[in-house]
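This is what each chain is made of:
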Amino acid sequence: MLQEWQARWKSSPNSRFLYGIFPEVNTRRCHRVFLINQILTTHGCFPVHQYRMFGKSSDCECGRDQGTVSHYVYGCQIYREVRQKYIPKNFFELGILELI
Ligand SMILES: [Zn+2]
């Protein structure tokens, strides 16, 4: 069963962002933090996901870019203070697995 799951995970066109982080399936991996799961799956509150699911605007409320995970994590001016408060100073040197 695990091999079949791995084959499907490898060949699926879906969730390539998450596949880039976790290329190997694992029954023991579980993140129970709601916001981390939303970031890893790129689902939920992000405008690009809201656009895909409900046809809402995909633009960030700052008006500078689309509301992608990358935009919020790396560049949205609205969340600048949040990043300064919660993201480590060496953030850009860390991989995403070191952040979760
Ligand atoms: Zn923004």
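Coordinates for the structure precede this section.
Structural notes, computed from the coordinates. Every value quoted in this text rests on a predicted model; they were computed, and no experiment measured them.

1. A short note on the overall build of the protein chain
And step 1. Check the secondary structure of the protein chain and you find 7 helices and 0 strands.
And step 2. By its C-alpha atoms, the protein chain is 45 × 35 × 20 Å across when sized along the principal axes.
And step 3. Per-residue burial for the protein chain yields a buried fraction of 6% across its 100 residues.
And step 4. Once local pairs closer than 6 in sequence are excluded, the contacts in the protein chain between residues at least 24 apart make up 14%.

2. A few points about unusual backbone geometry
And step 1. At Thr42, a residue that is not glycine, the phi angle is positive and equals roughly 55°.
And step 2. Mapped onto the fold, Thr42 is located in the loop between helix H3 (34-41) and helix H4 (47-54).

3. Some points on the environment of Val25
And step 1. Its place among the elements puts Val25 in the loop between helix H2 (16-21) and H3.
And step 2. Residues in contact with Val25, not counting those within four places in the same chain, are Leu2, Trp5, Gln6 and Trp9.

What counts and what doesn't
Residues numbered from 1 in each chain as written. Predicted model: local features only at pLDDT ≥ 70, side-chain atom pairs only at ≥ 80, totals over all residues. Helix = DSSP H or I, 4+ residues; strand = E, 2+ residues; numbered from the N terminus. Buried ≥ 20, exposed ≤ 12 C-beta atoms within 10 Å, placed from the backbone. Contact = placed C-beta atoms within 7 Å.

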